[in-house]
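Breakdown of the fold
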Amino acid sequence: MTRIQEQRDGGALPDNALELLTDMQRIALRRIENFGWTLKFIRQPSFEPPLVVVENSTGVNIGVLEEDGGVNLSPRIVLRE
């Protein structure tokens, strides 16, 4: 089986990443960064709000930063390699 590596324009985080977040997401991101979490990537599906994914310091756990600032540690998303 041949693996095809996906090519993307730019990185996982756009230059205006923080501008894509709601006020509550920005506040929550600052709070969880104190515990070693970082912004991993933002998906921007058409006609939907951005999907903000965060990762813990070990890179083992991920979560979705919800619009209201909550962190969903059991997101139903498919990650690409």
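Refer to the structure presented above.
My aim in this report is to walk through the structure given alongside it, one point at a time. (Residues numbered from 1 in each chain as written. Predicted model: local features only at pLDDT ≥ 70, side-chain atom pairs only at ≥ 80, totals over all residues. Heavy atoms only, no water.)

1. Topic: the pattern of salt bridges
Scanning the entire structure with this criterion turns up two salt bridges. One salt bridge in this structure joins R26 and D23, with 2.4 Å as the shortest N-O distance. Here the residue R26 and the residue D23 both occupy positions in helix α2 (residues 23–33), the gap between them amounting to three residues, near one helical turn. The class of D23 is exposed, set by a relative accessible area of 52%. E55 serves as the salt-bridge partner of K40, at 3.3 Å between the closest nitrogen and oxygen. Remark: E55 occurs in strand β2 (residues 51–55) and K40 occurs in strand β1 (residues 38–43); sequence separation between them is 15 residues. The exposure class of K40 is partly exposed, given its relative accessible area of 33%. Classification of E55 as buried rests on a relative accessible area of 18%. (Salt bridge = Lys/Arg side-chain N within 4 Å of Asp/Glu carboxyl O. Helix = DSSP H or I, 4+ residues; strand = E, 2+ residues; numbered from the N terminus. Buried < 20%, exposed > 50% of the residue type's maximum accessible area, 1.4 Å probe, protein only.)

2. Here we look at the sheet that holds β2
Read from one edge to the other, the open sheet built from four strands follows the order β1-β2-β3-β4, with strand pairing classed as antiparallel. If you trace the sheet from one side to the other, it starts and ends with β1 and β4 (71–72), each paired once. Note that strand β3 (residues 62–65) and β4 share two bridges and pair antiparallel. Residue pairing across strands places V64 opposite N72, the latter belonging to β4. (Pairing = 2+ DSSP bridges.)

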